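So you can see what is in the structure, the chains are spelled out below.
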Amino acid sequence: MPDDNKKAKFQDIFDQLGVGDLKAEEKEKFFREMSEVVEMAVIAKVARILSNDEKIEFEKLTSDEDQQKFLAAKGIDLPAIAMEEAVAFREQFIADTNYIAGRVEQKKRDQSNQ
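Chemist: Would you mind going over the overall build of the protein with me for this structure?
Modeler: In terms of regular secondary structure, the protein is built from five helices and zero strands. Helices and strands in the protein line up, N terminus first, as α-α-α-α-α. Relative to the 2.2 N^0.38 estimate, which gives 13 Å for 114 residues, the radius of gyration of the protein is 19 Å and therefore markedly larger than a compact globule would have. Here the C-alpha coordinates of the protein stretch approximately 65 × 35 × 20 Å along the principal axes. Sorting the 114 residues of the protein into buried and exposed places 19% on the buried side. Considering only contacts in the protein between residues 6 or more positions apart, those separated by 24 or more positions represent 55%. In the structure as shown, the protein presents an accessible area of about 8,600 Å², 52% of it carried by carbon and sulfur atoms. For the protein, the distance from the average site of its 18 positive side-chain charges to the average site of its 25 negative ones is 5 Å.

Chemist: Explanation requested: the layout of surface pockets in the structure shown.
Modeler: Left-over empty space is what a probe sized like a water molecule reveals as it rolls over the atoms. There is about 320 Å³ of room inside the second largest pocket. Along the wall of the second largest pocket there are 14 residues; nearest its centre are I43, V46, F58, Q67 and L71. For the lining of the second largest pocket, the elements supplying multiple residues, two or more each, are α2 (24-49), α3 (52-60) and α4 (64-73). The element that contributes the greatest number of residues to the lining of the second largest pocket is α2, accounting for five residues. Residues of the lining of the second largest pocket, tallied by class, amount to eight nonpolar, two polar and four charged.

Definitions and limits used
- Residues numbered from 1 in each chain as written.
- Predicted model: local features only at pLDDT ≥ 70, side-chain atom pairs only at ≥ 80, totals over all residues.
- Heavy atoms only, no water.
- Helix = DSSP H or I, 4+ residues; strand = E, 2+ residues; numbered from the N terminus.
- Rg over C-alpha atoms; globule rule 2.2 N^0.38 Å.
- Buried < 20%, exposed > 50% of the residue type's maximum accessible area, 1.4 Å probe, protein only.
- Contact = heavy atoms within 4.5 Å.
- Areas by Shrake-Rupley, 256 points an atom, 1.4 Å probe, with all protein chains shown as cover.
- Lys, Arg positive; Asp, Glu negative; His and termini not counted.
- Charge placed at Lys NZ, Arg CZ, Asp CG, Glu CD.
- 1 Å grid on protein atoms, 1.4 Å probe; cavity = no way out; pocket = protein on both sides within 12 Å on 5 of 7 lines; lining within 4 Å.
- Points joined across faces, edges and corners; volume = space filled by probe spheres on them.
- Nonpolar A, V, L, I, M, F, W, Y, C, P; charged D, E, K, R; others polar.

If you want it as structure tokens, here you go:
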């Protein structure tokens, strides 16, 4: 979980996602899982951008710094891709949550009308 300076920012995100009142341990778990999903989306997007030869060359690089330089040289803005994927995750999570909440409400209404 991020340090204290970032907790308020993440609390806002948790609130937007509807999980703001989870216990601290649950928020940490959610944050880790959310980070993994976003990281996998970033990796997948970068993999779609690189050619097969570039992927092989990239996989040979051992340091994060070399990997970032390689991607930058190819015109790949990793922080921008990470932000795009995080926003996409947030939007999809909110949409899914709203859909589920709507279906639950509809089911309750249907049951009360029977």
